Amino acid sequence: MTKMPMPSAAAPDTKIYERRESAVRTYSRSMPRQFGKAQGVWMHDNAGGRYLDFLSGCSSLNYGHNHPVLKAALVDYIAGDGVTHALDLHTDAKTEFLRTFEDVVLEPRGLDYRMMFTGPTGTNAVEAAIKLARKVTGREMVVAFTNGFHAMTLGALACTGNAGKRGGAGVPLNHVSHEPFDGYYGEGVDTADLLEQRLSDPSSGLDAPAAFLVETVQGEGGLNAASPGWLRKIAALARKHGALLIVDDIQAGCGRTGGFFSFEGMGFTPDIVTLAKSLSGMGLPFALTLIRPDLDIWAPGEHNGTFRGNNHAFVTATAALREFWADPAFADDVARRGGILEGRLERMADRHGLSTRGRGMMRGIDVGSGEIAARITGACFDAGLIIETSGAHDEIVKVLAPLVIDDATLNAGLDILETALAEAIAPVKRPLGVAA
């Protein structure tokens, strides 16, 4: 029998949070429970409530919470007094990760990258990528894309489109041109052609770029999925105009869109790739910038970070690669499950005259407004389903279920979403003058 969500009835005492935690907090406002335990696809609060997790730490928990194989590897390492923090010293844990990443990820895909261990989060990986591109090319300008999200430190934030996030900088965010993403002007306009025109026109005002920074599927920007053809054009434009192609795979990578990388099988190879989120496999902070060997022109210590040697993350990342990616069957199963998700969301959308977004296990429904989306996610939480929104107006209800979720539990969660969607959309579509 499929386990079902069992939400608790009342919110916890939050006085300590209101008194001491910054007002910047977000998720806890719309999901007011105190969680104390998590396992697999479930989170448990301190009042005995059980919640199905369709958020997965914003894709940081692609393999669920506390996967037993990863947990055992970490517990054994800690029990053996393995090195915890090592800056960039050589360690057994790092050696095992490097060899496993090479054997399981790079060589089977015919990829040749140096691995740069940055600070522990995605923004560190992006900062390193754009800094290196500027160093290699001697140029300043970065071409980013509308609705892109690349994190919150100033260089990465300059490449981010969201006005609310950008507004928090307090200083000008320069040296980035935000060009239209695939489909930004609708199906009839090829925005790659528009970019080619701008780059080829010496009077367009667009300086020669150091890099193009792109997500193949825009996570926070609304699950906009670029077509392989558009991405190939962007890759060709980068080569033609002497820029580096950086793919931000922080949310879309590590299996979220099907393959380990989101660009697999699309006919191009990025110069630089950024990874984080589910790279450690267990939610431990870990970020990586993959760079073409000939681009590795850093001087020793020119870009570093105190926590670039998180050996606990090396251990769980290595275990995750061996457990999930050494056998193609895992990716095949994720693709199959992504088909289930796609079919269910398409049927929901068709029933209400809506549309879907995304790719693989990174999908959602465009419900037209942030107000409606918030009503849907609120109703889902009341029913025991943790789910969030994305998009320029938070209008996309976004499903990021763990990749390891079983079919029955996935469908049970989607049943909750389907009910909440119908209840939220019905008042909007009720004819004028008809009482509720």
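Structure shown above.
Residues numbered from 1 in each chain as written. Predicted model: local features only at pLDDT ≥ 70, side-chain atom pairs only at ≥ 80, totals over all residues. Heavy atoms only, no water.

This part is about the state of the cysteines. Counted according to the given criterion, the structure contains zero disulfides. Between Cys-159, a cysteine without a disulfide, and Cys-58, which holds the nearest cysteine sulfur, the sulfur-to-sulfur distance is 20 Å. What makes Cys-159 buried here is its relative accessible area of 0%. Just so you know, Cys-254 is unpaired, no disulfide at all, and the nearest cysteine sulfur is the one on Cys-58, 15 Å from it. A relative accessible area of 1% means that Cys-254 is categorised as buried. (Disulfide = S-S within 2.5 Å. Buried < 20%, exposed > 50% of the residue type's maximum accessible area, 1.4 Å probe, protein only.)

This part takes up helix α5 (residues 92–106). For α5, which comprises 15 residues, the first-to-last C-alpha distance of 20 Å matches the rise-based estimate of 21 Å (1.5 Å per residue) to within 8%. Buried within α5 we find Ala-93, Lys-94, Phe-97, Thr-100, Phe-101, Val-104, Val-105 and Leu-106. Against α4 (68–79), β4 (114–117), β11 (272–275), β12 (288–291) and α11 (311–325) lie the buried residues of α5. (Helix = DSSP H or I, 4+ residues; strand = E, 2+ residues; numbered from the N terminus. Expected span 1.5 Å × (residues − 1). Contact = heavy atoms within 4.5 Å.)

The next thing to look at is the pairing of strand β5 (residues 141–145). The buried count for β5 comes to five of five residues, which makes it a mostly enclosed element. Note: β5 against strand β7 (residues 209–214), three bridges, orientation parallel. The residue bridging Val-142 from the neighbouring strand is Ala-211, located in β7. With four bridges connecting them, β5 and strand β6 (residues 176–179) associate as parallel partners. The partner of Val-143 across the bridge, within β6, is Ser-177. (Pairing = 2+ DSSP bridges.)

The four strands lie next to each other as β13-β14-β17-β16, forming an open sheet whose pairing is antiparallel. For this open sheet the edge positions go to β13 (355–359) and β16 (388–390), each flanked by a neighbour on one side alone. Each adjacent strand pair in this sheet contributes to an overall mean axis angle of 35°, direction not counted. Packing of helix α12 (residues 329–352) onto the sheet brings it into contact with β13, β14 (362–366) and β17 (396–399), and relative to β14 it is tilted by some 0°. (Axes fitted to C-alpha atoms, helices over the stretch in contact; angles between N-to-C directions.)

Not every positive phi belongs to a glycine, and Cys-58 is a case in point at roughly 55°. Tracing the sequence through the fold places Cys-58 in helix α3 (residues 56–59). Its relative accessible area of 12% is what places Cys-58 among the buried residues. Phi at Cys-254 is positive, roughly 55°, even though this residue is not glycine.

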